[in-house]
Amino acid sequence: MNPYVLTTLLFSLGLGTTLTFASSHWLLAWMGLEINTMAILPLMAQHHHPRAVEATTKYFLTQATAAATILFASTTNAWVMGEWDINNLAHPLASTMIIIALALKIGLAPMHFWMPEVLQGLDLLTGLILSTWQKLAPFALIIQVAPTIDPLLLTSLGLLSTLVGGWGGLNQTQLRKILAYSSIAHMGWMIIILQYTPHLTLIALGMYIFMTSAMFLTLKMASATKINTLTMTWSKSPILATTAALALLSLGGLPPLTGFMPKWLILQELTKQDIPLTATVMALAALLSLYFYLRLCYAMTLTISPSTVNNTTPWRTQTTQMTLPLATSTVITLGLLPITPTIMALAT
């Protein structure tokens, strides 16, 4: 892609998210979301592959549906209440429609069906943008409207997302689909705690972005998109395979890695709020996700690639990719647990 075009598109992505962050008016927030969607579409379709074009079309249709619903709901709220302010979402029908539309935007279950299919059709770097940056603007709106949303609806979305994210990834062999289901499960963890302590949602979102970035960049470095290509990682780059396995365990939420922190804090807060049953279901749903992360770890570190794979011999050539973003995100993914009190103090 032409570097000037790429710069313009990335600048537009930043502009759309910043607009939504800065807005207190529904029309401006909607405009930011639309700029965001329009800016990523050319990045998604840049390879002109039928799968990429199909993924782009699916993404455009779902995002356009969600944006139209947000516009309709905010107009309804303004008509009934005479107020366009994001924080004054007083009409119950409008608030329910907006949370459903924003759930569709970020891929919460049961509005998640587009997410694995779209991610599967993209290259890894565009998939990284879709899984991380594109979540920020809708999440900013969700956090602002959360006080007006029915708590039962938020809890249902959170529980269903963690369960669907766990179950859905069990039978997958494509790494991008596994990361899509991982994303759905993590979104569920963030939504479930939103009504009680919003700063924990922000911590979980930040940790998720770093862990997912580390995983996508690792797969990009290893040129792996399926589980059976992961089996060659160990022979090509043992250190990369080791850090990737640890990053997967961090995504699964195992101590003493960074991913344990948000899960631990969220379960602790749910128990404090006297809803131990919800906390138990969430912990059990995390085990489902952990299973397929362990499956990837096993494929990467404990199996030897069969000689029947019709790939060219993976010589250890010097990589031309930037390793600094991968190194930074991997260090954050593996080592932030000891400074949990500092992160809590900064977030509150």
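Below you will find a few notes about this structure.

Cut-offs applied
Residues numbered from 1 in each chain as written. Predicted model: local features only at pLDDT ≥ 70, side-chain atom pairs only at ≥ 80, totals over all residues. Heavy atoms only, no water. Helix = DSSP H or I, 4+ residues; strand = E, 2+ residues; numbered from the N terminus. Rg over C-alpha atoms; globule rule 2.2 N^0.38 Å. Buried < 20%, exposed > 50% of the residue type's maximum accessible area, 1.4 Å probe, protein only. Contact = heavy atoms within 4.5 Å. Expected span 1.5 Å × (residues − 1). Axes fitted to C-alpha atoms, helices over the stretch in contact; angles between N-to-C directions. Parallel < 35°, antiparallel > 145°, perpendicular 65-115°, else oblique. Left-handed = near helix turned anticlockwise from the far one by under 90°. Nonpolar A, V, L, I, M, F, W, Y, C, P; charged D, E, K, R; others polar. 1 Å grid on protein atoms, 1.4 Å probe; cavity = no way out; pocket = protein on both sides within 12 Å on 5 of 7 lines; lining within 4 Å. Points joined across faces, edges and corners; volume = space filled by probe spheres on them. Patch = residues over 30% accessible without salt bridge, like charges linked within 9 Å, V, L, I, M, F, W, Y side chains within 5 Å. Areas by Shrake-Rupley, 256 points an atom, 1.4 Å probe, with all protein chains shown as cover. Salt bridge = Lys/Arg side-chain N within 4 Å of Asp/Glu carboxyl O.

**Description of the overall build of the chain**
Here's step 1: Across its full length, the chain holds 17 helices and zero strands.
Here's step 2: Since a compact globule built from 348 residues should have a radius of gyration of about 20 Å, the 20 Å found for the chain is in line with a globular shape.
Here's step 3: With the C-alpha coordinates of the chain rotated into their principal frame, the extents come out at 65 × 50 × 35 Å.
Here's step 4: A total of 348 residues make up the chain; the buried ones form 53% of that total.
Here's step 5: At a minimum sequence separation of 6, the contacts of the chain that also span at least 24 residues come to 78%.

**Quick look at helix α16 (residues 324-335)**
Residues spaced three or four apart along an α-helix face the same direction, because each turn holds 3.6 residues.
Here's step 1: Taking 1.5 Å of rise per residue, the twelve residues of α16 would be expected to cover 16 Å, and the 16 Å separating its terminal C-alpha atoms lies within 8% of that figure.
Here's step 2: Listing the buried residues of α16 in full gives L326, S329, T330, I332, T333 and L334.
Here's step 3: On its buried face, α16 sits against α10 (198-222) and α13 (238-252).

**Let's talk about the packing of helix α14 (residues 260-272) against helix α17 (residues 340-347)**
Here's step 1: It is at 11 Å that the axes of α14 and α17 come closest, and there the two elements cross at 65°. Between α14 and α17, the angle is such that the two are roughly perpendicular. You can see that α14 and α17 cross each other, and the crossing is right-handed. Residue-level contacts link M261, W264 and L265 of α14 to T340, I343 and M344 of α17.
Here's step 2: For the contact of α14 with α17, the residue count by class is five nonpolar, one polar and no charged.

**With respect to empty space enclosed by the protein**
Here's step 1: For the structure shown, the criterion picks out four cavities of 30 Å³ or more.
Here's step 2: The space that makes up the largest cavity amounts to roughly 100 Å³.
Here's step 3: Residue lining of the largest cavity: 13 residues in total, with Y59, Q63, K105, Q134 and P138 positioned closest to the centre.
Here's step 4: Within the residue set of the lining of the largest cavity, elements represented by two or more residues are α2 (26-44), α3 (50-81), α4 (92-106) and α7 (133-145).
Here's step 5: Here the lining of the largest cavity takes four residues from α7, the largest share from any one element.
Here's step 6: Its volume calculated, the second largest cavity comes out at about 60 Å³.
Here's step 7: Around the second largest cavity, the lining residues are H186, W189, M190, A204, M211, G259, P262, K263 and I266.
Here's step 8: For the lining of the second largest cavity, the elements supplying multiple residues, two or more each, are α9 (175-194), α10 and α14.

**Quick notes on a nonpolar patch on the surface**
Here's step 1: Taken together, M1, V5, L6 and L10 make up a surface patch of nonpolar side chains, about 320 Å² in accessible area.
Here's step 2: Relative to the helices and strands, L10 is located in helix α1 (residues 3-22).
Here's step 3: Of the residues examined, L10 reaches a relative accessible area of 41% and is grouped as partly exposed.

**With respect to unusual backbone geometry**
Here's step 1: P110 follows A109 through a cis peptide bond whose omega is 5°.
Here's step 2: By the element assignment, P110 lies in the loop between α4 and α5 (114-120).
Here's step 3: Cis geometry marks the peptide bond from P255 to P256, where omega comes out at 5°.
Here's step 4: For P256, the position within the fold is in the loop between α13 and α14.
Here's step 5: Although it is not a glycine, H48 adopts a positive phi angle of roughly 55°.
Here's step 6: Within the secondary structure, H48 sits in the loop between α2 and α3.
Here's step 7: The phi angle at S223 is positive, at roughly 55°, despite the residue not being glycine.
Here's step 8: Within the secondary structure, S223 sits in the loop between α10 and α11 (227-230).
Here's step 9: Given a relative accessible area of 57%, S223 falls into the exposed group.

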